[in-house]
Amino acid sequence: NDRQMFLGENPTPDELLRRSQLIAHETAHMWFGDFVTMKWFDDVWTKEVFANYFAARMVEPLYPTINHQLNRLKTYTTAALNEDRTLGATSIRQELDNLQNAGLIYGQTIYNKAPIVMDKMVEIMGEEPFRKGIQEYLTTYAYGNATWPELIEILDRYTPEDLASFSDTWVHTKGMARIDFTLNDNNLTITQHDTFERGVCWTQRFDCLIILENGNTQEVEVELRDESHTIALSEGVVAVLPNSDGRGYGLFVPDAKSIAWIESNINKIEDDITRQSLIMTLNECYEWGLLEGERWLRFMLGHLPKEKNYLIASTIVGYLTKPMINSGTEAEEALLWEIATLNDSSALRRRALVALAEVAISERIIEQIYNLWLNEGASFDVNDAMTIALELAIRMPDKQAEIIAEQRQRITNGDNLRKFDYISPATTPDIEARNALFTWLLEPENRRTEPWAKATLALLNHHTRQQEALAYIYPGLEELKRVQRTGDIFFPRNWAGGLLGGHYSAEAVAEVERFLANNPDYPTLLKNKILQATHR
């Protein structure tokens, strides 16, 4: 977490907030993890969810200008959805047969989905009953061990709601709901399906914003307790905007008419939370194959220069990577270049430039980034400058050595220099040298600084090298068991991400499937890390 703790000279608002949240998270473990400890690591998530939950309450008053509900949507919900839509999705509470595998339980589901579920539970109970229940829990199990069912038993006494049933779905079941919205004769039908097709009903509440022909709007609260729910609306409905308050969690699928309205009118929506939630809704539709990549790119690049809220803008920048790699054109890269160089927000310019450097493929745009880095790169944030230099070195093989040498002499911090020297060999255009570097990474003693090893592996498997890097997938997956045995608890996930994150092809998926087919008894927790990192 060094980059999260030690920021550059001009940190963005979300970087400052993330650092404070990290410190508060670890502080909260004094109570949840130390004062009361789980009995076994299948409940490791309980200490993490409370650390995040109470960290938010410590930190948010320190940043009064930030919309914290919006930030929770941007961080917790976005990250949770990213993992929950994969074939490696897991329940929050997972079975653990052996303590040596405890590190494999950690992931976005524990750190990010669990706080969302906790908020839903507090909403059901009410703040004060929840506070009293938590106080009883801490008092009852002080300096001892407790399980999640024991906590639920306490909390259940403070509410008439059936928290045990709520927990069965949200804590013990993997995946999420797909929620479809159909308008027929001013009757809105909301139909819920489980994404794993198990007939699970995900009880939850959220608002829908109804757009009327006369220009007025109508806010409707939806409480889903069964598979289908119908609401009578006013006449003259133009569009139904689902989850307009961001409370809901899942794949929300608006009808085609409403998607078109969102695309044309997103700038007219003044409420930041609603805009953020709708953009997230469209991204999920894209990720699930319900919205074409070219259309999604046109919408994002059209709206991004007009977005005044930096948190929303940075969310959009984060969403650009996959569709730009798979569907982007030089014209779309040029639009992102304009944002990266002309936007009024310096924080957004910085984010957009790094994002463009990571996805650019057109020679003209690459040359423009190179000229900017060459002439002004010495004034960049050091981490941004290193990232851009590494990306340019891969794309400009004739200038690779020159770029690496120039960036190297600009680095004044010894730790940063050692990091750059470790990672930069992965940019070489020499395939034999890259093969040798990959083989070198397979030895545990060569990857002791794991974030550097992950970054090196990711460059070897860069999206511009997908065909050449296919040969790394199978041996890289074979190494994963040893990565777990010799590395930090987060390293298996990061190794799988570095190995597979740049691969978007059907051939790469086939390599993953071949490995899993040849290893039918492969440990489930490790298999999930592989599937979470695989693009489909």
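First things first, this report covers the structure right here in the doc. Please read these numbers as outputs of a predicted model, since none were measured by experiment. (Residues numbered from 1 in each chain as written. Predicted model: local features only at pLDDT ≥ 70, side-chain atom pairs only at ≥ 80, totals over all residues. Heavy atoms only, no water.)

Judged by pairing direction, the sheet is mixed, and its 4 strands sit side by side in the order 7-4-3-9 without closing on themselves. The open sheet has two edge strands with one neighbour each: strand 7 (228–232) and strand 9 (251–253). Averaged over all adjacent pairs, the angle separating strand axes in this sheet is 15 degrees, with direction ignored. In this sheet, strand 9 lies alongside strand 3 (residues 177–184) in parallel orientation, the contact comprising 3 bridges. Among the inter-strand pairings, Asp180 is bridged to a residue of strand 9, identified as Val253. (Pairing = 2+ DSSP bridges. Helix = DSSP H or I, 4+ residues; strand = E, 2+ residues; numbered from the N terminus. Axes fitted to C-alpha atoms, helices over the stretch in contact; angles between N-to-C directions.)

This next bit is on the sheet that holds strand 5 (residues 204–212). With antiparallel pairing, 3 strands are arranged side by side in an open sheet as 6-5-8. The sheet is open, and its two borders are formed by strand 6 (217–224) and strand 8 (237–241), each paired with just one other strand. For this sheet, the mean inter-axis angle between neighbouring strands, taken without regard to orientation, is 25 degrees. In this structure, strand 5 lies alongside strand 6, joined through 8 bridges in antiparallel fashion. Across the sheet, Ile210 pairs through a bridge with Gln218, a residue of strand 6.

Mapped onto the elements of the fold, Ala313 is located in helix 12 (residues 310–327). You can call Ala313 buried: its relative accessible area is 1%. Sequence separation between Ala313 and Gln276 is 37 residues, and the spatial gap between their C-alpha atoms is 9.1 Å. When residues no more than four places from it in sequence are discounted, the contact partners of Ala313 are Leu304, Glu307 and Leu348. (Buried < 20%, exposed > 50% of the residue type's maximum accessible area, 1.4 Å probe, protein only. Contact = heavy atoms within 4.5 Å.)

Side chains that differ in sign of charge can pair as their charged atoms come close. Per the counting criterion, the structure on display carries 38 salt bridges. In this structure, Glu287 engages Arg85 in a salt bridge whose closest nitrogen and oxygen atoms are separated by 3.8 Å. Here the residue Glu287 occupies a position in helix 10 (residues 272–287), and Arg85 occupies one in the loop between helix 4 (68–84) and helix 5 (108–125), the gap between them amounting to 202 residues. Relative accessible area serves as the criterion here: at 21%, Glu287 is assigned to the partly exposed category. By relative accessible area, Arg85 is classed as buried at 17%. Lys322 is paired through a salt bridge with Glu287; the nearest N and O atoms lie 2.9 Å apart. With Lys322 in helix 12 and Glu287 in helix 10, the pair connects residues that are 35 residues apart, well separated along the chain. (Salt bridge = Lys/Arg side-chain N within 4 Å of Asp/Glu carboxyl O.)

Now for the packing of helix 23 (residues 491–500) against helix 25 (residues 524–533). The contact between helix 23 and helix 25 brings their axes to 8 Å, and the two run at 35 degrees. Between helix 23 and helix 25 lies a crossing whose hand is right-handed. For the pair helix 23 and helix 25, the contacting residues are Pro492, Arg493, Ala496, Gly497 and Leu500 in the first and Leu526, Lys529, Ile530 and Ala533 in the second. (Left-handed = near helix turned anticlockwise from the far one by under 90°.)

What follows is about the pairing of strand 4 (residues 187–194). Residue alternation in strand 4 divides its side chains into a buried set, Leu188, Ile190, Gln192 and Asp194, and an unburied set, Asn187, Thr189, Thr191 and His193. Sheet topology places strand 3 next to strand 4; 8 bridges connect them, and they run antiparallel. Each bridged residue has a counterpart across the sheet, and for Asp180 the counterpart in strand 4 is Thr191. Where strand 3 hands over to strand 4, the hairpin turn is made up of 2 residues, of which Asp185 adopts a positive phi near 55 degrees. The pairing of strand 4 with strand 7 spans 5 bridges and is classified as antiparallel.

Here we come to the packing of helix 5 against helix 6 (residues 127–140). Relative orientation and spacing of two packed helices are given, respectively, by the angle between their axes and the distance between those axes. For the pair helix 5 and helix 6, the least separation of the axes is 6 Å and the interaxial angle reads 110 degrees. As far as their axial angle goes, helix 6 and helix 5 are roughly perpendicular. Contact residues: helix 5 offers Met118, Met121, Val122 and Met125, while helix 6 offers Glu127, Pro129 and Phe130. Classifying every residue of the contact of helix 5 with helix 6 by side-chain character gives 6 nonpolar, no polar and 1 charged. (Parallel < 35°, antiparallel > 145°, perpendicular 65-115°, else oblique. Nonpolar A, V, L, I, M, F, W, Y, C, P; charged D, E, K, R; others polar.)

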